[in-house]
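A look at the structure
Okay, here's what each chain looks like letter by letter:
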Amino acid sequence: MSDSPAPASAAADPGASGDDQPALKQAITPKLLLLFIVGDILGTGVYSLTGKVAGEVGGAGWIPIIVAFAIAMVSALSYVEMVTKYPQAAGAALYVHKAFGIHFLTFMVTFAVLSSGITSASTSAIFLSENVLKAFALEESLGGAAQPVATGIALAFLLLVALINLRGVAESVTANVVLTFIELTGLSLVIVVGFYALGRGQADLSRVILFETQDDKSFFIAVIGGTALAFFSMVGFEDSVNMAEETVDPVKNFPRALIGGLSITGVIYVLISVLAVAVVPIGQLTESTTPLLEVVKVGAPAIPIDTIFAFISIFAVANTVLINMMMASRLLYGMAKQGVLPGFLKGVLRGRRTPWSGIVFSTALAFALVLSVRYVLAEETIAALGGTTALLLLAVFGLVNVSVLVLRKDTVDVRHFRTPTVLPVIGAITSFALITPIAQPLQNYVIAGGLLGIGLLLFVVTWFYNSAVRARRTRFRHPDDLG
């Protein structure tokens with residue numbers, strides 16, 4: 001998957017670029033779209049945060065998963081309405097721009113999406129490095145040097161991704177299908193091992209209804225906190241809006257595929273959250289940096305599949321880093337090209353035609369995140385970055401739900417999906433509620449605020465430059481062409 005969003009559609013609005021532009025080929029069938037959505041949602045979140053969610057509520061970790069699924073489904077239906085209403089759209093930034101027409105708000109939404117991609121990629125890079133140590137059994141031999149080595153692996157992988165992006169990467173739905181099956185193989189292995197342990201009487205289902213928190217929080221507060229964290233596992237479905245223009249009959253097939261894909265992943269996540277707690281003691285699960293690997297090791301100790309699972313985990317999350325860093329670099333390029341970020345960010349390699357300055361800048365931000373979280377917030381490494389991704393996207397989802405209601409007055413001459421009015425209202429209220437201090441720890445605000453602060457600084461510098469030197473306003477000229 002991608003626990004974090006893909007770049008906005010690069011297809012310009014016909015009205016802005018001329019009617020002679022050919023339409024994209026509608027080659028994505030309903031089955032391919034379903035696999036794309038399932039693969040996009042699956043990934044780092046469930047592999048890395050299962051133990052952290054259990055740490056919030058104890059064995060009842062499946063409750064936050066279900067609540068997060070319900071909130072994600074409500075927001076997904078809002079995305080379905082927007083993408084079938086504006087099938088050439090560029091995602092959340094365009095929906096918010098159409099609804100409010102405030103260029104600064106559009107900028108902050110776009111930079112929030114960009115930032116969520118960087119935090120998601122950083123989360124995945126750290127988790128990948130932990131699995132590399134597990135796969136090669138290096139933790140015990142390295143001793144106290146394990147964390148610095150893991151950090152070095154994470155940074156090296158981010159650098160490798162930057163080099164791949166500089167060279168140029170052609171993503172295809174076929175490649176996504178292959179990676180989806182790798183991810184499903186890993187999660188299916190956890191489920192099979194869980195049922196195997198249950199069958200042998202080596203699992204304790206009574207832990208599944210055990211509620212406990214480390215700080216004696218109330219049930220409501222603990223579930224809210226767990227839901228905000230679990231939401232990271234549910235994001236990714238919003239990436240699929242970029243496939244709508246290339247989908248066969250998107251008005252008919254897109255709602256079915258999105259609802260079906262989100263439902264499939266929801267069932268998988270609930271099964272894993274139940275089986276993980278039943279097989280592995282809660283304390284051990286919470287403390288592990290690779291919780292699902294613990295399930296495989298404890299549930300089937302006589303079968304040497306833990307090493308294989310570690311490698312599956314590496315492949316399952318590697319594509320998350322690549323896709324999110326591609327998205328971030330191209331959004332930087334798109335905003336710089338539109339004149340709302342400094343011009344140095346729109347640099348392109350002549351031979352490869354890749355946005356080198358955007359790649360370098362986004363990689364530098366990811367480096368800074370990995371180092372800061374590793375050494376400043378070391379005890380909350382994965383949870384802090386995963387929680388920040390969820391925080392940023394929950395804010396964006398809240399605005400998208402509001403935009404759905406505002407844009408009801410905008411009639412279009414195409415048939416489109418229409419979600420019941422009450423659902424965007426619920427989606428907006430719950431999304432905004434989950435970004436309050438009740439649900440979010442301080443470090444998530446610090447990381448998100450730091451990233452958005454960088455965006456704000458770049459915007460202010462650009463605004464002064466445009467006003468003083470170029471005598472022009474700082475605004476999006478074509479917000480539907482941000483890719």
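So, how was this worked out
- Residues numbered from 1 in each chain as written.
- Predicted model: local features only at pLDDT ≥ 70, side-chain atom pairs only at ≥ 80, totals over all residues.
- Heavy atoms only, no water.
- Patch = residues over 30% accessible without salt bridge, like charges linked within 9 Å, V, L, I, M, F, W, Y side chains within 5 Å.
- Areas by Shrake-Rupley, 256 points an atom, 1.4 Å probe, with all protein chains shown as cover.
- Salt bridge = Lys/Arg side-chain N within 4 Å of Asp/Glu carboxyl O.
- Helix = DSSP H or I, 4+ residues; strand = E, 2+ residues; numbered from the N terminus.
- Buried < 20%, exposed > 50% of the residue type's maximum accessible area, 1.4 Å probe, protein only.
- Core = buried A, V, L, I, M, F, W, Y, C linked by side-chain atoms within 4.5 Å.
- Axes fitted to C-alpha atoms, helices over the stretch in contact; angles between N-to-C directions.
- Parallel < 35°, antiparallel > 145°, perpendicular 65-115°, else oblique.
- Left-handed = near helix turned anticlockwise from the far one by under 90°.
- Contact = heavy atoms within 4.5 Å.
- Nonpolar A, V, L, I, M, F, W, Y, C, P; charged D, E, K, R; others polar.

**Quick look at a nonpolar patch on the surface**
On the surface, Phe100, Ile102, Phe104, Leu456, Val460, Trp463 and Phe464 cluster together into a nonpolar patch covering about 630 Å² of accessible area. Structurally, the position occupied by Trp463 is in helix α18 (residues 442-468).

**Focus on the pattern of salt bridges**
Under the defined criterion, the tally for this structure stands at 2 salt bridges. The salt bridge involving Arg408 is made with Glu81; its shortest N-O contact spans 2.8 Å. On the criterion of sequence distance, the pair formed by Arg408 in the loop between α16 (381-406) and α17 (422-433) and Glu81 in helix α4 (residues 62-85) is long-range, its members being 327 residues apart. For Glu81, a relative accessible area of 0% puts it in the buried group.

**What to know about the nonpolar core**
Tyr47, Phe107, Phe231 and Phe237 are the most contacted members of the largest nonpolar core, which has 127 residues in total. When residues of this core are assigned to their parent elements, the largest contribution, 17 residues, is made by helix α14 (residues 306-337). Of all hydrophobic cores here, the second largest spans 5 residues; its members include Val57, Ala60, Ala222 and Val223.

**Description of the packing of helix α6 (residues 103-135) against α18**
Closest axis-to-axis distance for the α6/α18 pair is 10 Å, and the angle between their directions is 135°. Between α6 and α18, the crossing angle belongs to the class labelled oblique. With respect to the hand of their crossing, α6 and α18 are arranged in right-handed fashion. Packed against α6, whose contacting residues are Phe104, Phe107, Met108, Phe111, Ala112, Ser115 and Thr119, the element α18 presents Ile447, Leu451, Leu452, Ile454, Gly455, Leu456 and Phe459 at the interface. Partitioned by chemical class, the residues of the contact of α6 with α18 number 11 nonpolar, 3 polar and no charged.

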